[in-house]
Amino acid sequence: MSYADFTLGAPVADAAAPDGPIETRWERRRFGVKLVNPANKRKMHVIVVGTGLAGGSASATLAELGYRVSSFCYQDSPRRAHSIAAQGGINAAKNYRNDGDSVHRLFYDTVKGGDFRARESNVHRLAEISRQIIDQCVAQGVPFAREYGGLLDNRSFGGAQVSRTFYARGQTGQQLLLGAYQALERQVDAGGVTMYPRHEMLELIVVDGHARGIVARDLITGETRSHLADAVVLASGGYGNVFFLSTNAKGCNVTASWRAHRKGALFANPCFTQIHPTCIPVSGDHQSKLTLMSESLRNDGRVWVPERKGDDRDPNLIPEAERDYFLERQYPAFGNLVPRDIASRAAKNVCDEGRGVGPGGLGVFLDFAEVIGRLGRPAVEAKYGNLFQMYQRITGEDPYQVPMRIYPAVHYTMGGLWVDYDLQSTIPGLFVVGEANFSDHGANRLGASALMQGLADGYFVLPSTIGDYLATAKHEPVDPDHPAVRAAEDDVAQRIDTLLSIRGTRTVDSFHRELGHLMWEHCGMERTEAGLRKALDRIPELRKEFWETVLVPGTGVELNQSLERAGRVGDFFELAELMCLDALHRNESCGGHFRAESQTPDGEAARDDENFSYAAAWEFTGRGEAPVLHKEDLTFEYVAPTQRSYK
Amino acid sequence: MRLHLKVWRQRDADDRGAMASYDVDDASPDMSFLELLDVLNEKLTVEGEEPVAFDHDCREGICGACSMVIDGQPHGPEKATTTCQLHMRHFSDGDTITVEPFRAGAFPVVKDLVVDRGAFDRIIAAGGYISAPTGSAPDAHAVPVPKDQADRAFTAAACIGCGACVAACPNGSASLFLGAKITHLGELPQGQPERNSRVLAMVDEHDAAGFGGCTNTGECAVACPKEIPLDVISQLNRDYLAARKARRRSA
Ligand SMILES: Cc1cc2nc3c(=O)[nH]c(=O)nc-3n(C[C@H](O)[C@H](O)[C@H](O)COP(=O)(O)OP(=O)(O)OC[C@H]3O[C@@H](n4cnc5c(N)ncnc54)[C@H](O)[C@@H]3O)c2cc1C
Ligand code: SF4
Ligand code: FES
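What counts and how
- Residues numbered from 1 in each chain as written.
- Chains lettered and ligands numbered in written order.
- Predicted model: local features only at pLDDT ≥ 70, side-chain atom pairs only at ≥ 80, totals over all residues.
- Heavy atoms only, no water.
- Core = buried A, V, L, I, M, F, W, Y, C linked by side-chain atoms within 4.5 Å.
- Buried < 20%, exposed > 50% of the residue type's maximum accessible area, 1.4 Å probe, protein only.
- Helix = DSSP H or I, 4+ residues; strand = E, 2+ residues; numbered from the N terminus.
- Contact = heavy atoms within 4.5 Å.
- Polar contact = N/O pair within 3.5 Å; in protein donor to acceptor, adjacent residues only side chain to side chain.
- Near = heavy atom within 4 Å.
- Areas by Shrake-Rupley, 256 points an atom, 1.4 Å probe, with all protein chains shown as cover.
- Nonpolar A, V, L, I, M, F, W, Y, C, P; charged D, E, K, R; others polar.
- Expected span 1.5 Å × (residues − 1).
- Bend = angle between axes of the 7 residues up to and from the residue.

Describe the nonpolar core, naming the residues involved and giving the relevant values.
Counting residues in each nonpolar core, the largest one holds 237 residues, and the members touching the most others are Ile90(A), Phe144(A), Leu234(A), Met519(A) and Phe211(B). Element by element, the count of residues in this core is highest for helix H16 (residues 561–585) of chain A, at 13 residues. In this structure, Leu36(B), Leu37(B), Ile70(B) and Met88(B) belong to the second largest nonpolar core, which totals 26 residues.

Which residues make up the environment of Ser449(A), and what values go with them?
Residue and element names in this part refer to chain A. With respect to the helices, strands and loops of the structure, Ser-449 is situated in the loop between strand E18 (430–432) and helix H12 (450–473). In this structure the C-alpha to C-alpha distance between Ser-449 and Ala-13, which are 436 residues apart in sequence, comes to 25 Å. Setting aside its immediate chain neighbours within four residues, Ser-449 contacts Asn-91 and His-441. A distance of 3.2 Å separates a polar atom in the side chain of Ser-449 from a polar atom in the side chain of Asn-91.

Provide a residue-level description of the site of ligand 1, including the pertinent values.
Residue and element names in this part refer to chain A. Close contacts around ligand 1 come from 38 residues, with Gln-75, Ser-83, Met-201, Glu-435 and Leu-451 the closest. Between ligand 1 and the protein, one listed contact pairs an oxygen atom with a backbone N or O atom of Ala-54 at 3.0 Å. The contact in question runs from an oxygen atom of ligand 1 to an N or O atom on the backbone of Tyr-74, over 3.1 Å. Here ligand 1 loses 98% of its free accessible area of 1,000 Å² to cover by the protein chains. Breaking the shell around ligand 1 down by element, the ones donating at least two residues are helix H3 (53–65), strand E7 (199–207), strand E16 (404–413) and H12. In terms of residue count, the dominant contributor to the shell around ligand 1 is E7 (three residues). Across the shell around ligand 1, the residue classes tally to 17 nonpolar, 18 polar and three charged.

Requested: an account of helix H11 (residues 377–395) of chain A, with residues and values cited.
Residues and elements named next belong to chain A. Taking 1.5 Å as the rise per residue, H11 with 19 residues should run 27 Å; its terminal C-alpha atoms sit only 20 Å apart, a clear shortfall. At Tyr-384, H11 shows its maximal bend, which comes to roughly 80 degrees. Within H11, the full set of buried residues consists of Val-380, Tyr-384, Gly-385, Leu-387, Phe-388, Met-390, Tyr-391, Ile-394 and Thr-395. Those residues of H11 that are buried lie in contact with helix H10 (369–375) and E16. Just downstream of H11 lies Gly-396, where phi reads positive at about 75 degrees.

Printed below as a string of structure tokens:
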């Protein structure tokens, strides 16, 4: 039986969400959770893997509540988690602008933006909590942008019709993360959190069906050992790096989630990835990552390509009449501000027609000449100065003189480990927060909503819901010699030995690049049955080559960055196969998932609610073995599903 | 481009370490400095040698992980630029480039170009925060902050914790890093209640970690990729003196 012959298992249901009016569900759930006696909290130990917005805020808050926390990250400091790189901003339904925003509107926009593939209960809770997040961050000293009156400034982001995005120049993620990091360090000093930087989780420990710890490798000494606890929280971020080139930090990986998946946690909607339209194009084979240019640039920049194929004149010499402002032409109502997935695909299409610009024809112009003419250079500099500088630093071109060149790049993953309303996975005691879970964004995430979700999960949701589990589970301590612990440790040791003993001929990066290229071609912006089948044939071959011919130098008992990468790429191979299968089985287009077979006569995405109004949660059955699909049906009581239209 | 690299190689913390020479024949001016090292590492790996270890993650100048002294300057020759954002077009064909770790008494070398900057975390843990337990916050608009104050706080908060200031300082002082956090939190009304205790605790931890004292050479601000202004150190000194005075008075 081939991998693609998956079987259908029992449906999976979110048993934790209360029913009744959506506005009071979170309130009622919070009242329903059992409380842990303060004296007992000190005896309870929680492991948190990840120190980004989700993990950092969760660790700090759990320690404030009195739990004992062990916090892990692979970087040398928790402050360097990938959340640090977020630029644009964070949404909150404060309605400080009095422009008609409300919790309900943010809820509505998020469900619709996610193309009706997210759970209403979760999204509503997110919109409610969004307001508290801003209060919390301001109290911590996050220096959000302010107006002359001293109040917080807002902007509209990603085509939203209201101004609900709070920001700190182009460094919102950095400032929010430093707030969480400082709260975390405060708890380190107070003794509530033990910090394990430069540690990588390589296995989950499950004892009697419950998550009870992890095996982690100390990246400096190479020592692997188990860490035991009463519950485990994964806050390990997204898996965009399966594509090799993405806007994610180089170390972002799926290992923590994948190891949990192999131990029984269902993985939901793996094919839902977000491709961001405004990134700096690839400049050559040496390219190691892609850099995002903030979406806010589309507020004033105009996107175009030459009318004629292969027109390689200096863009400033191409007359107006010979330019195609393709977004303005195709989407007159929204123009350059159409959502990310639509802008990305439109750019791909004109490049496929041979009208792309720059090296390899993989780019389109983002032109500021019109706004510079209208407002003058100083005004444009005040708004976008730092972004223009960054562009110039990377490309060596001056965007005040020549149009920028941009191209879409992988940016965010909506899929992730399946969790219920309490953020608990299908393994009791394993909770998943932030980008690592699948919960709130459906098939497409709106701009400035990931930061909101990470902090909602970490500061407010998890610290309440995990208490219910801990109060009920009442665990005995796990014996460090328990067979399940020993087995997990042995698995890790064996895997490391295998990687080091192959001593083949090909570097880890060369495999990763090839896998990434395959995924970008066949599971990227546009997916077809033929392409996905091709990828599903090729991935196992490449994976086999990897395990037979990879060359990992050095030993396991030292800092060995090649070994770290090899472990991550090994897991990406397995994830890649599941992503392609998920994309193949979902024979509809929705959000960031565009199946060429499912489009409207004018080339737009056609959703198929009749057959696909569910989250696809996959069960692992063995490497390369056909997985089992469990469906969670989605029902929409408050926002009636409609086809998106931006014409 | 053909480039000659002289790179610091050190097996581990106990090894003495030495410079090693390598050639890269196929560098492109569009590469970043880290991509140049990637190319070198791929070559070393295939040739059976150990690749050069170096810290990096975001590769867009914001995480503060990358940390190399290039031709004698932390983060290399370009102003306001981290190593990961430094591109090879600023070098010339045939150049010899030296690459060393961020050296300082408080930053022991871990391996090759990787150093231990854990002391920075300990300084923050000592007091670099505003105590605001989750759930305790008033509405965000309860306390307006004048825009110029908010902007000054932001400028100081832009520090990425890379440690270039320490590597550049002849005394191995972390005063720019410390002053940046003191200024960020001290400019805001929310930061006032802990203003005195914060600076005392952070300075104590700074000294205990083995960072040197500041003698106003100004090298730190020249090396800083985020252009943290030197006057955060004046602010640090003012706050420190005021806090000591307040402590004496209450003692
Ligand atoms: C360039 C860029 C710009 C963005 N801009 C915005 C924006 O403007 N607004 C917005 O809302 N969103 C934005 N996003 C998305 C957003 O930044 C992320 O989705 C979010 O920060 C993820 O946070 P997180 O806490 O879930 O994970 P991360 O911040 O990725 O943290 C993951 C943590 O897990 C740790 N970890 C991972 N694996 C392991 C392991 N195996 N063992 C131990 N530790 C591990 C890491 O060390 C790290 O601490 C942007 C993303 C990018 C790439
Ligand atoms: S002050 Fe500048 S040089 Fe020092 S750590 Fe901060 S960003 Fe780096
Ligand atoms: S790698 Fe993040 S700042 Fe250089």
